[in-house]
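Notes for the structure review
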Amino acid sequence: MTRRALLLSLLAGLLLATASPAHAAGYRYWSFWDRTGSTWTYATEGPSTAVPSDGDVQGFRFAVSEDSADADTPRGTASFTAICGDTAARDGRKRVALVLDFGTASDAPSGETPPARRTACAVVPRDATTAEALATAAKPLRYNTNALLCAIAGYPETGCGEQVTGKKTGPEKSGSDGGPSVGLYAGLAAVALLGAAAVWQTRRRRNAA
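I will try to describe carefully the structure that is included in this document. (Residues numbered from 1 in each chain as written. Predicted model: local features only at pLDDT ≥ 70, side-chain atom pairs only at ≥ 80, totals over all residues. Heavy atoms only, no water.)

**As for unusual backbone geometry**
Rules: Going along the chain from the N terminus, every DSSP run of H or I of four or more residues is numbered as a helix, and every run of E of two or more is numbered as a strand.
Note the cis peptide between lysine 139 and proline 140, where omega equals -5°. One can find proline 140 in the loop between α3 (130-137) and β6 (142-143). Residue proline 156 follows tyrosine 155 across a cis peptide bond; omega there is -5°. Topologically, proline 156 is positioned in the loop between β7 (149-151) and β8 (163-168). Unlike most non-glycine residues, alanine 147 shows phi in positive territory, near 65°. With respect to the helices and strands, alanine 147 occurs in the loop between β6 and β7. Its identity is not glycine, yet alanine 153 carries a phi of approximately 55°, on the positive side. Locating alanine 153 in the fold gives a position in the loop between β7 and β8.

Following this line, the structure appears as structure tokens:
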């Protein structure tokens, strides 16, 4: 391989390495989960249409995530016995164990502090939805015009499923303004040095001739 071809190959490699985005957009929202045994599963329908049975455990987690595959599950242990064990069954009513995880400070909207994680045993009519069970245990709830659950127990005070840029997906770090990463600048500097070397090699050959 000639020096020129080698330099072009190195330049292409550096450009590809430094052009890869270090961050991706996510969304700040309440995710909804069903629990079976010791496993959380992302709910297949929203809380306004889901109808849990007596003895079910359901959870909500506030966080920033890209999609359901990236979503954070409610933290801590949770079981129906631990949450609703002291609540007796009643005719025509059902007990739904709820786990409410308000997330971490890093996921909180600017100026807000997430409340501590908590659980509740909601006792509701047999045909009640999860949203109705949640309303008995964690008011006030807030929804947007598309019926998206925006706030549980008043948290967060503002916002609803807004896009959040700058969520890190790799080891690279960027400035607080979300601009180009340090790695990108270093790569461009290396490209400039290689370009200068190529020019020098060309002039050297011409002078030698």
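**Topic: the pairing of strand β3 (residues 57-65)**
The condition that has to hold: Buried, partly exposed and exposed residues are distinguished by accessible area as a fraction of the type maximum, computed with a 1.4 Å probe on protein chains only: under 20%, between the cut-offs, and over 50%, respectively. Two strands pair under a simple rule: DSSP has to find at least two bridges between them.
The element β3 is largely enclosed, with a buried count of nine among its nine residues. By the alternation rule, side chains of β3 split into Val57, Gly59, Arg61, Ala63 and Ser65 and Gln58, Phe60, Phe62 and Val64, which are all buried. Inspection of the sheet shows β3 paired to strand β4 (residues 93-101) by five bridges, in the parallel sense. Paired with glycine 59 across the strands is valine 99, a residue of β4.

**Remarks on the nonpolar core**
Considering soluble globular proteins, one finds that nonpolar side chains tend to be buried as a cluster. What counts, and what does not: Buried Ala, Val, Leu, Ile, Met, Phe, Trp, Tyr and Cys residues that are joined via side-chain atoms within 4.5 Å together make up what is termed a nonpolar core. By definition, residues are in contact when any of their heavy atoms lie within 4.5 Å.
Counting 20 residues, the largest nonpolar core has Trp30, Phe60, Leu98, Leu100, Leu134 and Ile152 as its most contacted members. Counting only elements with at least two residues in this core, the list comes to β1 (23-36), β3, β4, β5 (118-125) and α3. It is β4 that contributes the most residues to this core, three residues altogether. Beyond its immediate chain neighbours, meaning those up to four positions away, leucine 100 contacts Phe60, Arg117, Arg118, Leu134, Ala138 and Ile152. Membership of the second largest hydrophobic core comes to 11 residues, among which are Trp33, Val57, Ala71 and Val99.

**Brief notes about the environment of threonine 44**
Structurally, the position occupied by threonine 44 is in the loop between β2 (39-42) and β3. For the pair formed by threonine 44 and phenylalanine 32, sequence separation is 12 residues and the distance between their alpha carbons is 8.8 Å.

**Looking at the state of the cysteines**
Quick reminder of the rule: A pair of sulfur atoms, both from cysteines and within 2.5 Å, is called a disulfide here.
Overall, the coordinates contain two disulfides when judged by the stated rule. Each sulfur in the disulfide pair cysteine 84 and cysteine 121 lies 2.1 Å from the other. When the S-S torsion is 115°, as for the bridge of cysteine 84 with cysteine 121, the disulfide is right-handed. Linking cysteine 84 in helix α2 (residues 80-84) with cysteine 121 in strand β5, this pair joins segments that are 37 residues apart in sequence.

**Comments concerning the packing of aromatic side chains**
Quick note on the threshold: Aromatic contacts are taken between Phe, Tyr and Trp rings whose centres are within 6.5 Å, Trp giving its six-membered ring; a plane angle under 30 degrees counts as stacked, one over 60 as edge-to-face, and the others as tilted.
Scanning all chains against the criterion turns up six aromatic pairs. Centre to centre, the rings of tryptophan 33 and tyrosine 42 are 5.1 Å apart; their planes meet at 75°, and the pair counts as edge-to-face. Classification of tyrosine 42 as partly exposed rests on a relative accessible area of 28%. Every member of this aromatic cluster is reached through a ring pair, and the members are Trp30, Phe62, Phe102 and Tyr155.

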